[in-house]
Amino acid sequence: MRDSFREWARKRAYRQEMRETGGTPTSASFHRRAYHRNFQGYTEVKRLRPDGRTVIERVYTGHWYEPMLSMERRVRLRILYVLLFLCGAGVFGWAATRRAVCNTVLYVGLFQALAVAMAIWCLYVLVFYIPATGKLTIGEYDTLHKPLIRSAMACAVCLWAAAAAAVVCLVLDRAAAVGRDWLCPAGFALSGALFGLIWFLESRLEYAVLDNETPMPEDGVEIDV
């Protein structure tokens, strides 16, 4: 899955480049910023095919990023992320579907909708992050590690905002609120804490920056942002 994600990202950047330029990119200096970001750390080199055509080959020569954990602990961490996500989403779903007055007002629903969007973003990143237990390229580090931190924190903030909005609603409408309605803001807050734990663990995960032993091709041009 990791290789398929890498290939998908490269093809997407390549197609975008062709759409915007109206032609096929031929050198690193010609590419737009998004292309450089997806292929950062790769070295382009021109090769002459037997039929006389010149093609561009890309070899990864940049630094590797590797979590400073044993393989067993990397697997355990990913299992924990899955459990935290599932529990967080489950608690949120339970709280958001209660027949409570706070679930009927617009401003609480707005934060709930934002939390759903951020949870989908977090899930999307996790789908590709989970199988990537080995060394990461610069592009993978920037599209897996960093987005997981941002998406988990964004989801937690939206859920805590929903909890605060629910509390405001229950305080303002005390006549309509009943005791069990307070389970909703508690559920939103707990769900936010579970997503926040993903952010906390990943943001403090240290990565070793390793040299790449792949030799730099002659006459190659390294792609950088």
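Right above here is the structure, for reference.
Predicted model only: the values in this text are computed from it and were never measured.

Q: Explain the nonpolar core here, please?
A: Taken as a class, soluble globular proteins show a tendency for nonpolar side chains to be buried jointly. In terms of nonpolar packing, the biggest core is built from 46 residues, with L148, F188, F195 and I198 touching the most fellow members. Contributing elements (two or more residues each) for this core: β3 (64–67), α3 (71–96), α4 (106–129), α5 (138–172) and α6 (183–203). Those residues in contact with F195 that lie beyond four places of it in its chain are F85, G88, A89, A119, C122, A152, C155, A156 and L159.

Q: Even after reading the chapter, I still don't get the side chain of H145, so can you show me in this structure?
A: Looking at the secondary structure, you find H145 in helix α5. The exposure class of H145 is buried, given its relative accessible area of 6%. The residues contacting H145, other than those within four sequence positions of it, are Y129, E140, E202, L205 and Y207.

Q: Looking at this structure, I do not really get the packing of aromatic side chains. What am I missing?
A: One pair of aromatic rings is described through two measures. These are the centre distance and the angle between the planes. Under the counting rule described, the total for this entry stands at eight aromatic pairs. Ring geometry for F85 and F195: centres 5.5 Å apart, planes at 80°, overall edge-to-face. Residue F85 is found in helix α3, and its partner F195 is found in helix α6; the two are separated by 110 residues along the sequence. Across the pair, exposure class does not vary: F85 and F195 are buried alike. Above the plane of the ring of W64 lies K135, whose end atom (NZ or CZ) is 5.1 Å from the centre.

Q: In this structure, what is going on with α6? I would like to understand it.
A: Between its terminal C-alpha atoms α6 stretches 30 Å, which fits the 30 Å expected from 21 residues at 1.5 Å a residue. Three or more residues of α6 are buried, namely C184, P185, G187, F188, S191, G192, L194, F195, G196, I198 and E202.

Q: Any chance you could explain the environment of L197 here in plain terms?
A: Position of L197 relative to the elements: it lies in helix α6. Through-space distance from the C-alpha of L197 to that of L84 is 7.8 Å; in sequence the pair is 113 residues apart.

Q: I keep staring at the environment of A89 and nothing clicks. Help me out?
A: You can see A89 is positioned in helix α3. Note: C-alpha distance between A89 and F188 (99 residues apart in sequence) is 9.8 Å.

Q: In this structure, what is going on with the state of the cysteines? I would like to understand it.
A: Any covalent bond linking the sulfur atoms of two cysteines counts as a disulfide. Using the criterion set out here, one finds zero disulfides in the structure. Considering cysteine sulfurs only, C155 is the nearest to C122, which forms no disulfide, with 6.5 Å between them. Judged by relative accessible area, which is 0%, C122 ranks as buried. The thiol of C158 is not disulfide-bonded; the next cysteine sulfur, from C155, is found 6.8 Å away.

Q: Please explain the pattern of salt bridges as it appears in this structure.
A: When charged atoms on two side chains of opposite charge get close, those side chains can pair. Within this structure, the stated rule accounts for three salt bridges. Where R74 meets E66, a salt bridge forms, and the shortest distance between an N and an O atom there is 3.1 Å.

Q: Help me understand the packing of α3 against α4 in this model?
A: Helix-helix packing is characterised by the crossing angle of the two axes and by the distance between the axes. At a minimum axis separation of 11 Å, α3 and α4 run at an interaxial angle of 160°. By the angle class used here, α3 and α4 are roughly antiparallel. When you trace α3 past α4, the crossing you get is left-handed. Contacts between α3 and α4 involve R78, Y81, F85, F92 and A96 from the first element and Q112, A115, V116, A119, C122, L123, L126 and Y129 from the second. Among the residues forming the contact of α3 with α4, the class breakdown is 11 nonpolar, one polar and one charged.

Q: In this structure, what is going on with a nonpolar patch on the surface? I would like to understand it.
A: A surface patch of nonpolar side chains, amounting to about 350 Å² of accessible area, comprises M71, V75, I79 and L83. By the secondary structure assignment, M71 is in helix α3. M71 sits in the partly exposed class, given a relative accessible area of 43%.

What counts and what doesn't
Residues numbered from 1 in each chain as written. Predicted model: local features only at pLDDT ≥ 70, side-chain atom pairs only at ≥ 80, totals over all residues. Heavy atoms only, no water. Core = buried A, V, L, I, M, F, W, Y, C linked by side-chain atoms within 4.5 Å. Buried < 20%, exposed > 50% of the residue type's maximum accessible area, 1.4 Å probe, protein only. Helix = DSSP H or I, 4+ residues; strand = E, 2+ residues; numbered from the N terminus. Contact = heavy atoms within 4.5 Å. Phe/Tyr/Trp six-rings, centres within 6.5 Å; stacked < 30°, edge-to-face > 60°. Lys NZ or Arg CZ within 6 Å of the ring centre and 35° of its normal. Expected span 1.5 Å × (residues − 1). Disulfide = S-S within 2.5 Å. Salt bridge = Lys/Arg side-chain N within 4 Å of Asp/Glu carboxyl O. Axes fitted to C-alpha atoms, helices over the stretch in contact; angles between N-to-C directions. Parallel < 35°, antiparallel > 145°, perpendicular 65-115°, else oblique. Left-handed = near helix turned anticlockwise from the far one by under 90°. Nonpolar A, V, L, I, M, F, W, Y, C, P; charged D, E, K, R; others polar. Patch = residues over 30% accessible without salt bridge, like charges linked within 9 Å, V, L, I, M, F, W, Y side chains within 5 Å. Areas by Shrake-Rupley, 256 points an atom, 1.4 Å probe, with all protein chains shown as cover.

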